[in-house]
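Summary of structural features
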Amino acid sequence: MSSTGILSRLKSSASGPAMQQIIALAALVVLYGFFAIFGNHFLSADTFLSMLSSSYYIGFLAIGMTFVIITGGIDLSSGTVMVGAALVGGVAYNVWHFPIALALLMVILTGVVFGVGNGVLIGILGLPPFIATLGMQFVSLGLCAVVAKVQTQTYPSLGTPSGVFKSIIYKWGAVPMGAVWLALFFVIAWFLLTRTKLGRYTYAIGSNEEAVTLSGVQVSYWKVWVYVLNGFFCGLAGVIYAATFSSITPQTGNGQEMYAIAAAVIGGTSLAGGIGSLWGTIIGVFVISVLKTGLLSMQLPVQWQQVLIGVVVILAVLLDVVRTRRLNRT
Amino acid sequence: MEGISKSFPGVQALKSARFELRAGEVHALVGENGAGKSTLVKIMTGIYPDYGGTYEYQGKPVAFRSIGDAQRAGISIVHQELNMMSDLTVAQNIFIGRESSSFRISDRDLNRRAQALIDEFEIGVDPRTLLRDLSVGKAQMVEIARAMSFAETQVLILDEPSAALSEGETIELLAKVDQMRARGVSVVYISHRMNEIMQVADRVTVLRDGDYVDTLKTASCTVDDIIKRMVGREIDNSQKQSSDVPADAEVVLRARGLTSSAVRDVSFELRRGEILGFAGLVGAGRTETMQILCGADPWGTGEIEVHGMPMHFTHPKQAISAGIAYLSEDRKRYGLVLNLSVTDNTVLASYDKLSTGWVVRQAECRKAAERYVAALRTKTPSVNQIVKNLSGGNQQKVVLAKWLLRDVEILIFDEPTRGIDIGARAEIYDMMRGLIAEGKSIILVSSDLTEILHLSDRVIVMCEGRVTGELDIADATQLKVMELATQHQAKNSKE
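Residues numbered from 1 in each chain as written. Chains lettered and ligands numbered in written order. Predicted model: local features only at pLDDT ≥ 70, side-chain atom pairs only at ≥ 80, totals over all residues.

Some thoughts on the overall build of chain A
Note the threshold: Working definition: helices are DSSP H or I runs of at least four residues, strands are E runs of at least two. Numbering for both runs from the N terminus. In this setup the radius of gyration rests on C-alpha atoms only. A globule is expected at 2.2 Å times the number of residues raised to 0.38. Exposure criterion: with C-beta atoms placed from backbone coordinates, a residue whose C-beta has 20 or more other C-beta atoms within 10 Å is buried, one with 12 or fewer is exposed, and one in between is partly exposed.
When helices and strands are counted, chain A shows 12 helices and four strands. Relative to the 2.2 N^0.38 estimate, which gives 20 Å for 330 residues, the radius of gyration of chain A is 20 Å and therefore close to what a compact globule would have. Dimensions along the principal axes, computed over C-alpha positions, put chain A at roughly 60 × 55 × 40 Å. Looking at chain A residue by residue over its 330 residues, the buried ones come to 49%.

Observations concerning the packing of helix 15 (residues 392-405) of chain B against helix 16 (residues 422-437) of chain B
Residues and elements named next belong to chain B. As a reminder, the rule being used: In this description, a line fitted to the C-alpha atoms serves as the axis of each element, helices being fitted only across the stretch in contact, and the angle between N-to-C directions of two axes falls anywhere from 0 to 180 degrees. Here the word oblique covers every angle except those under 35 degrees (roughly parallel), over 145 (roughly antiparallel) and from 65 to 115 (roughly perpendicular). The sense of a crossing depends on the near helix, which, turned anticlockwise from the far helix by less than a right angle, makes the crossing left-handed and, turned clockwise, makes it right-handed. What counts as a contact here is a pair of residues whose C-beta atoms, placed from the backbone, lie within 7 Å. Nonpolar residues are Ala, Val, Leu, Ile, Met, Phe, Trp, Tyr, Cys and Pro. Charged residues are Asp, Glu, Lys and Arg, and all others, Gly as well, are polar.
Taken N-terminus to C-terminus, the directions of helix 15 and helix 16 make an angle of 20°; their axes are 9 Å apart at the nearest point. It follows from the interaxial angle that helix 15 and helix 16 lie roughly parallel. By crossing handedness, the relation of helix 15 to helix 16 is classed as right-handed. Residue-level contacts link Gly393, Gln396 and Leu400 of helix 15 to Ala424, Glu427, Ile428 and Met431 of helix 16. In terms of residue class, the contact of helix 15 with helix 16 is built from four nonpolar, two polar and one charged.

With respect to the confidence of the model for chain B
Residue and element names in this part refer to chain B. Stated formally: The pLDDT score gives, residue by residue, the confidence of the prediction method on a 0 to 100 scale.
Model confidence for chain B is summarised by a mean pLDDT of 84, while 94% of its residues fall at 70 or above. Per-element confidence in chain B is highest for strand 21 (residues 441-445), whose mean pLDDT is 94, and lowest for helix 19 (residues 487-494), whose mean pLDDT is 51. Low pLDDT, under 50, characterises residues 490-495; the predicted model gives this stretch zero contacts beyond four residues in sequence or across chains. Taken over the whole predicted complex, pTM reads 0.74, whereas the ipTM for its chain interfaces reads 0.73.

Describing the environment of alanine 272 of chain A
All names here are of chain A. Relative to the helices and strands, alanine 272 resides in the loop between helix 10 (256-266) and helix 11 (278-297). Of the residues examined, alanine 272 has 16 C-beta atoms within 10 Å and is grouped as partly exposed. With 161 residues separating them along the chain, alanine 272 and glycine 111 place their C-alpha atoms 25 Å apart.

A closer look at helix 14 (residues 362-375) of chain B
Residue and element names in this part refer to chain B. What counts, and what does not: Helix span, as expected, comes to 1.5 Å for every residue beyond the first. Picture the helix axis, draw a direction to every C-beta atom, and the arc is the one those directions span.
In this model, helix 14 (14 residues) spans 20 Å end to end at C-alpha, consistent with the 20 Å of a helix rising 1.5 Å per residue. Along helix 14, the residues that are buried comprise Cys365, Ala368, Ala369, Tyr372 and Val373. Taken down its axis, helix 14 places every buried residue within 135° of arc, on the same side. Exposed residues lying more than 90 degrees from the buried face of helix 14 are Ala363 and Ala374. Packing partners of the buried residues in helix 14 comprise helix 12 (342-346), helix 13 (351-354), strand 19 (359-360) and helix 15. At the exit of helix 14 stands arginine 377, carrying a positive phi of roughly 50°.

Description of the sheet that holds strand 12 (residues 251-259) of chain B
All names here are of chain B. Applied cut-off: DSSP bridges decide pairing: two strands pair if at least two such bridges lie between them.
Reading across the sheet, the four strands line up as 13-12-15-16 and stay open at both edges, with antiparallel pairing between neighbours. Of all strands in the sheet, those with a lone pairing partner are strand 13 (266-271) and strand 16 (309-311), marking the two edges. Adjacent strand axes in the sheet meet at a mean angle of 15° when their direction is disregarded. Judged from the five bridges that link them, strand 12 and strand 15 (residues 301-306) form a sheet pairing that is antiparallel. Paired with arginine 256 across the bridge in strand 15 is glutamate 303. Contacting strand 12, strand 13 and strand 15, helix 9 (residues 286-293) runs over the sheet at an angle of about 115° to strand 12.

Observations regarding the interface of chain A and chain B
Counting from both sides, the interface comprises 18 residues of chain A and, opposite them, 19 residues of chain B. Broken down by element, the residue count for the side of chain A that touches chain B peaks at 10 residues, all from helix 8 (residues 197-214) of chain A. Class assignment of the residues belonging to the side of chain A that touches chain B gives a composition of eight nonpolar, six polar and four charged.

In structure tokens:
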């Protein structure tokens, strides 16, 4: 039963989304192999760990972004919301003297609030996602800096009692905890996307919004939820960001959303909406991490990372274009 | 439904429409485009909750606020444009919006329920198939099954269900409609195709310009009765008696041995002031022949002479400079930029005449567009109107205006009246006759034999990529054309 299911799925998806995931996975393996041979100490545990940890916050952003892109939308604000949320949490801890747990909750809450904002603008007021989230990018960039009075916020370091929260990204025994958290939320997101109404309508809206409306589904309601969920994941990314970098500079974070979009696209999520998977996205996230750390291990200037990530994204979108063209022809 | 009215900003879509549906009948709703059929059914199904008049359902006045209200009351609709999600599976499409009462969805459960429905309606698809992998006909069947799957659907509304279907699929569809009637379901059937209506419907209600005209029993009326009420006047569809083209008229276009992957060795001549009809079944290679003529098929070979000058087209631009314009059968896709105005569309092919360097002379463009709106009697509030908002017939006029402004001599009309209602059709015929009176020449590709015989001076019949006959209009009959159009098939079946 299951074997025929997999077979037929493979067959039916020879031109479909799964194909792009396979290609992305193959690219990941090839890149990894390439750096293993040509990189300096690329195969060391340290490199592997730093590769993993550089994928955490991008991973959370990309999970939320995948939902948004499958509805046919885009979120240009998730990078600045992530850093902004971390900044607000820092203010809560340093200035308002919140306990660290409550401060971290503030980070997530800030992400959710911006998610609600995007959801209302796009779902209820009907703004195009590109414009709404471009606006929100500037709002979050500025507003969070104002809250922080343009002061850099520093989170407690690992040795202090409050610094214990940082263990979320460090090893617990031999287990890298960041990967565990990412995996946990990946499973939750995967369940939401494939086994619930929210997920079903996410695909349906991206595929044919008009038809969903005419089926008696309240599209605006579900769109708001998609953006709120995305905001929640931006908040989670903010927590990880705070744990990773400790000191948060105001008015930064723009550009990070591009890595999230790139990861989703590399993993086969179609910018036209309706098509995509979280598996693909996570592969995309790792492709980007491998590129980042791998090029570093080859002692190439950091700018080459950007060039190569750009090339990979263009190749991925090219695949998407070719695929869409073929789908439309039939 | 009694005295139904509905207006949109600037348009009164319905003035006083009336519609009565009996239990277990198939009731056709007809009218020209813009007569208000779609608006009426949208009121019936709660999509437009605000309207004038009274609406009773099962003897009680109702006021549906949403499509969900109507569905719960037992009224379902299959929309004109297939409204399905191509990236979801059949089962996911059928149950969209009512997957389960809880937040969680089980695809296994959906597939099981969908399979039961598919078996019941004998559709023969796998519920796990992606919708984009189905043929249009199958997708239509799935949508009907979806409409019927609402608890106790008693009224099924089909809005132009056969528009995109092949002949075989249409037969299957009509059988499904019969099946529904046998179950006691009332069906509202909207269509332009009279033979389908006569075949499947019990009664017909005719709307015209948002008003109720009449309700007829199909058993005791003719197609002409219905058409007369639709357009409010007689329509002449008779065959042209004889050619008006003098035998010594100049040959403006000569094609010899046109060959491509779809056609073989097609030769013909077109004379000044002539309408040359191209008849044949779908897939006979007529459109492909025209694509060679207008340079859209760079791999086509053969000789083309325009005014005796040998030509070779590898790009539509060259054909247009030679004075040949092709009006595609899919005007929304190839003929118009739907989101631009009447002016912009009219001047689209003529910017080199209407600009200085890169700067467009706006006022002249506008004047040109206004000139053609007046000449072709295009119904539009202004030349600034977005083309998308015009009716099919008026869109066709804008396409024509574009080529007339470009001053072409040879116009190739490919299915010029597809999806255009009967009244506007007559107007387009008049326009074409006006064009040849001015000395232009026309090639008419049409699958509608009545149309071919009504307009053409000569008829060329194609079958399976070859020319199988050429008839002068005086000798042409429907029977002769059909014989030539099916020649190969007849031969094949004999073998």
